[in-house]
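# Residue-level structural notes
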Number of protein chains: 2
Amino acid sequence: MVYIGVDLGGTGIKAGVVDESGTILAKGSAPTGRERPYQAVIADIAALCTRVAAQAGTPMEEVAAMGVGVPGICNPETGVIPFCTNLGWHDVPFVEEMHKHLNLPVHVDNDATVAGYAESIAGVSAGTRASVFLTLGTGVGGGIVLGGRPYSGVHGIGSEIGHMILQMDGEPCTCGNEGCFERYASATAIIREARRAVKKDPQSMMMKNCGGNPERINAKIVIDCAKAGDKTARAVFDAYVRALAHGIISIINVLDPEIIVLGGGVSMAGDFLLNAVREAVKPLIFFKTMPYARIELARLGADAGIIGAALLGRK
Amino acid sequence: MVYIGVDLGGTGIKAGVVDESGTILAKGSAPTGRERPYQAVIADIAALCTRVAAQAGTPMEEVAAMGVGVPGICNPETGVIPFCTNLGWHDVPFVEEMHKHLNLPVHVDNDATVAGYAESIAGVSAGTRASVFLTLGTGVGGGIVLGGRPYSGVHGIGSEIGHMILQMDGEPCTCGNEGCFERYASATAIIREARRAVKKDPQSMMMKNCGGNPERINAKIVIDCAKAGDKTARAVFDAYVRALAHGIISIINVLDPEIIVLGGGVSMAGDFLLNAVREAVKPLIFFKTMPYARIELARLGADAGIIGAALLGRK
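Just so it is clear, the structure is predicted and the values come from calculations on it, not from any experiment.

A full pass over the atoms with the stated rule returns 10 aromatic pairs over all chains. Taken together, a centroid distance of 5.5 Å and an interplanar angle of 35° make the contact between Phe 83 of chain A and Phe 287 of chain B tilted. With one member in each of two chains, Phe 83 of chain A in strand 6 (residues 80-84) and Phe 287 of chain B in the loop between helix 9 (271-281) and strand 13 (294-297) form a pair that bridges those chains. Accessibility classification places Phe 83 of chain A together with Phe 287 of chain B in one group, the buried group. Between Phe 237 of chain A and Phe 272 of chain A, the aromatic rings sit 4.6 Å apart at their centres with planes inclined by 20°, giving stacked as the arrangement. Taken together, the residues span a long stretch of sequence, with Phe 237 of chain A in helix 8 (residues 231-255) and Phe 272 of chain A in helix 9 (residues 271-281) at a distance of 35 residues.

Here you go:
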């Protein structure tokens, strides 16, 4: 059995043919063209699916199902996408529309959920009974997998882990609240704090590495400077890790998963991040002598979206 | 089929015979005597079980299973109780010890989990697909029920919702961390804030109602004075409700349950609390036009522990 997975982003659509084990057999991409009506975008998704199936040498009638990961919220049961801010979509009947083009079972879910699901099948969390995936990017996305299935809650608005409250009355969030986890644990948070920090310490290596223009500071610059021993960058990084660890503690104390997987741009910092996070979590554990979730880096990288979306259709 | 449920507390043991639907057919109690070795406490639990079965006119061989709710953490799979601070228990092989007295399947789980489970079968959350129960008492206990079964996580340390971080670097918690949800949403939090408030406003009605001794302020005094229109008490109550609402938002954004049930001492404030919490949650909802968890008061009161523990053995 093979499946088609689609990773639908604000700028590009990626699609791939994926086998039962999560291996990508063929993949391709197309621009999203999000300024167009959703019908046109969905027609292009269908055309891309047909194209990658041909690339893989798989007749469409041998594709068991297709799935799509969307940067918004989905109702996996009705197949409707109530909100997708990046695409400007509201209440888009995705599955219904897709069925005009493809005669296949169609599944939709949130992109972080789908990426976490992929890791739980073909990545670092394979074989675990409960996993939580965090994408540390512009925001913080969350993917919960329980008993082998993605968990998005009863109304499809769950696993928005980036919007747990970490600091009541804290930094204002795009969601309208204050102090959400993602305000402290995203790449955006690192950048914000680094810009604040270089104002106080213009001698920081970060200023040199951004060509003297704090607007050019990105998470990589901060992490590279922290690695290189720049004190101000290190302080920004340590505060970031501490906040991330506090959010992880909330996840452990509520969901107690077997594994917590760190993905997204910030996770490119690799072991430098991973070791720091593990060290920061340890003293915050409630029951010190009990086992708790392993913390690991994601393994599937940018392909996780395609793989997880494809396997939504796997029984 | 009937079951025996035991609510094991720091001072008393309550037990009851419960039918399939969650109705208590007979119940009784005994002192815990927690200063004794655990073997003695467990022998007394067994004796109490035999006694309530006789009261109900049920031969022990007709009891399908017994279950116990414990104010600590449990490993429902091994039947071991790794931690129960109230009883001073560490790594107590509860099920094994109980089997020396009773020839029955024995189940153990956390007391808040068990109470939430009871509500999900015979109480306000009956028939829901995912529920979260909060006991607002000395601390904040949490009970998660997913797909009809209690969820305590992979290592048995989950559903400790009172120890989500709500305010990083906030009020110190008994768990060793700072800013846990229960530091803001427990009866203890109301009392702490009321004592702070009467220092600044000794004219508050709360001072009269506690006989001039702030050490005697309890949550009921604060809530009664808030209801009666005392401004200082109202401010304490409002801050409490606001923090509770922020914690509820974290629960909604992560778990997206069908219902959130408020139990424990503070929930005795009834609709005065419930309406305030519902109003406080509404503006914090991420996706304003999407349905989200109903918030309700617990219905089973003090019997929830017996009922939920009993039904742990139900298939």
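For the pair chain A and chain B, the best superposition has an RMSD of 0.0 Å and corresponds to a rotation of 180° with a translation of 0.0 Å parallel to the axis. Overall, the copies show the geometry of a two-fold rotation axis. Residue Gln 167 of chain A of chain A places its C-alpha closer to the rotation axis than any other residue of that unit, at 2.1 Å. Mapped onto chain B, 100% of the interface residues of chain A are again interface residues, and the two copies thus contact each other with one and the same surface.

Looking now at the pairing of strand 6 (residues 80-84) of chain B. Residues and elements named next belong to chain B. In terms of burial, strand 6 is largely enclosed, as four of its five residues are buried. Two strands pair when backbone bridges link them, and strand 6 and strand 7 (residues 89-92) are joined in this way by three bridges, in the antiparallel orientation. By the bridge assignment, Ile 81 is partnered in strand 7 with Val 92. The hairpin turn running from strand 6 into strand 7, its antiparallel successor, is four residues long, and Gly 88 in that turn takes a positive phi close to 70°.

Leave glycine aside and you will find that most residues have negative phi; peptide bonds, for their part, are mostly trans. All names here are of chain A. The phi dihedral of Asp 256 is positive, around 45°, even though this residue is not glycine. Looking at the element boundaries, Asp 256 is found in the loop between helix 8 and strand 12 (259-263). Judged by its relative accessible area of 0%, Asp 256 falls in the buried class.

Turning next to the pattern of salt bridges. Under the definition given, this model contains 34 salt bridges over all chains. With its nearest N and O atoms 2.7 Å apart, the salt bridge here joins Arg 196 of chain A to Glu 171 of chain A. Placement of the pair is Arg 196 of chain A in helix 5 (residues 187-200) and Glu 171 of chain A in the loop between strand 11 (149-151) and helix 4 (182-185), with a sequence separation of 25 residues. Judged by its relative accessible area of 41%, Arg 196 of chain A is partly exposed. For Asp 238 of chain B, the salt bridge identified is with Arg 234 of chain B, shortest N-O distance 3.0 Å.

Residue and element names in this part refer to chain A. Spatial strand order, 5-6-7: three strands in an open sheet with antiparallel pairing. The sheet terminates laterally at strand 5 (73-75) and strand 7 (89-92), the two strands that pair on one side only. Here the average twist between neighbouring strands, direction ignored, is 15°.

Okay, helix 3 (residues 111-122) of chain B next. Helical geometry: 3.6 residues make up each α-helical turn, so side chains three or four residues apart lie on a common side. All names here are of chain B. Across its 12 residues, helix 3 extends 16 Å between first and last C-alpha, which sits within 8% of the 16 Å expected from 1.5 Å per residue. Counting buried residues along helix 3, 10 of its 12 residues qualify, which places the element largely inside the surrounding structure. Of the residues making up helix 3, those classed as buried are Ala 112, Thr 113, Val 114, Ala 115, Gly 116, Tyr 117, Ala 118, Glu 119, Ser 120 and Ile 121. For helix 3, the side-chain oxygen to backbone nitrogen distance between the N-cap and Ala 112 is 2.9 Å, and the N-cap itself is Asn 110.

The next thing to look at is the nonpolar core. Most often, soluble globular proteins keep nonpolar side chains buried together rather than apart. Formed by 138 residues in total, the largest nonpolar core has its most connected members in Leu 134, Leu 262 and Leu 273 of chain A together with Leu 134, Leu 262 and Leu 273 of chain B. Discounting residues that sit within four places of it in the chain, Leu 273 of chain A has contacts with Leu 136, Phe 237, Tyr 240, Val 241, Leu 244, Leu 262, Val 266 and Ser 267 of chain A.

What follows is about the sheet that holds strand 1 (residues 2-8) of chain A. Residue and element names in this part refer to chain A. The strand order across the open sheet formed by five strands is 3-2-1-4-8, and the pairing between neighbours is mixed. At either end of the open sheet lies a strand with only one pairing partner, and these are strand 3 (24-31) and strand 8 (106-110). Neighbour-to-neighbour, the strand axes of the sheet open up by a mean angle of 20°, direction not taken into account. Here five bridges tie strand 4 (residues 63-70) to strand 8, and the two strands are oriented parallel to one another. Its bridge partner being in strand 8, Gly 69 is matched across the sheet by Asp 109. Helix 3 (residues 111-122) contacts strand 4 and strand 8 of the sheet and is inclined by roughly 105° relative to strand 8. Taken strand by strand, helix 10 (residues 304-311) contacts strand 1, strand 2 (12-19), strand 3 and strand 4, and its axis lies near 130° from that of strand 1.

Turning to the packing of helix 5 (residues 187-200) of chain B against helix 7 (residues 219-227) of chain B, a few remarks are in order. Residue and element names in this part refer to chain B. Between helix 5 and helix 7, the shortest axis-to-axis distance is 8 Å and the interhelical angle comes to 65°. One way to sum up the angle between helix 5 and helix 7 is to call them roughly perpendicular. Every pair of crossing elements has a handedness; the one defined by helix 5 and helix 7 is left-handed. Contacts from Ala 187, Ile 190, Ile 191 and Ala 194 in helix 5 reach Ala 219, Val 222 and Ile 223 in helix 7. Residue composition of the contact of helix 5 with helix 7, grouped by class: seven nonpolar, no polar and no charged.

Put simply, an interface is often sized by how much accessible area is lost when its parts join up. Taken together, the contact between chain A and chain B spans 49 residues of the former and 49 residues of the latter. When the area that chain A buries against chain B is broken down by residue, the three leading residues are His 155, Met 168 and Val 254 of chain A, summing to 15%. Applying the counting criterion to the chain A and chain B interface returns four salt bridges. Put simply, Arg 129 of chain B and Glu 77 of chain A hold a salt bridge, and the shortest N to O gap is 2.9 Å.

Next up on the list: helix 10 of chain A. Within helix 10 of chain A, eight of the eight residues are buried, which leaves it mostly tucked inside the rest of the structure. Along helix 10 of chain A, the positions that sit buried rather than exposed are Ala 304, Gly 305, Ile 306, Ile 307, Gly 308, Ala 309, Ala 310 and Leu 311 of chain A.

With that settled, consider the environment of Val 108 of chain B. Residues and elements named next belong to chain B. Mapped onto the elements, Val 108 comes out in strand 8 (residues 106-110). The spatial distance from the C-alpha of Val 108 to the C-alpha of Pro 76 is 5.6 Å, given a sequence separation of 32 residues. Excluding its chain neighbours within four sequence positions, the residues that come into contact with Val 108 are Val 68, Cys 74, Asn 75, Pro 76, Gly 79, Phe 94, Val 95 and Leu 312.

A separate point is the confidence of the model for chain A. Looking at chain A, the pLDDT average stands at 96 and 100% of residues meet or exceed 70. Our summary of model confidence lists the complex with pTM equal to 0.95 and ipTM equal to 0.95.

The next subject is the packing of helix 5 of chain A against helix 8 of chain A. Residue and element names in this part refer to chain A. Taken N-terminus to C-terminus, the directions of helix 5 and helix 8 make an angle of 145°; their axes are 10 Å apart at the nearest point. Crossing of helix 5 over helix 8 shows right-handed handedness. Listed contacts from helix 8 to Ile 190, Glu 193, Ala 194 and Ala 197 of helix 5 are Thr 232, Val 236 and Tyr 240. A breakdown of the residues in the contact of helix 5 with helix 8 according to their chemical character gives five nonpolar, one polar and one charged.

Turning our eyes to something else, we now look at the pairing of strand 9 (residues 130-136) of chain A. Regular strands place side chains that alternate from one sheet face to the opposite one. Counting buried residues along strand 9 of chain A, six of its seven residues qualify, which places the element largely inside the surrounding structure. Linking strand 9 of chain A back to strand 10 (residues 140-146) of chain A in an antiparallel pair, the connection comprises three residues.

The rules behind these values
Residues numbered from 1 in each chain as written. Chains lettered and ligands numbered in written order. Predicted model: local features only at pLDDT ≥ 70, side-chain atom pairs only at ≥ 80, totals over all residues. Heavy atoms only, no water. Phe/Tyr/Trp six-rings, centres within 6.5 Å; stacked < 30°, edge-to-face > 60°. Helix = DSSP H or I, 4+ residues; strand = E, 2+ residues; numbered from the N terminus. Buried < 20%, exposed > 50% of the residue type's maximum accessible area, 1.4 Å probe, protein only. Least-squares fit on C-alpha atoms with pLDDT ≥ 70 in both. Contact = heavy atoms within 4.5 Å. Pairing = 2+ DSSP bridges. Salt bridge = Lys/Arg side-chain N within 4 Å of Asp/Glu carboxyl O. Axes fitted to C-alpha atoms, helices over the stretch in contact; angles between N-to-C directions. Expected span 1.5 Å × (residues − 1). Polar contact = N/O pair within 3.5 Å; in protein donor to acceptor, adjacent residues only side chain to side chain. Core = buried A, V, L, I, M, F, W, Y, C linked by side-chain atoms within 4.5 Å. Parallel < 35°, antiparallel > 145°, perpendicular 65-115°, else oblique. Left-handed = near helix turned anticlockwise from the far one by under 90°. Nonpolar A, V, L, I, M, F, W, Y, C, P; charged D, E, K, R; others polar. Buried area = accessible area lost by both parts, 1.4 Å probe. pLDDT = per-residue confidence, 0-100.

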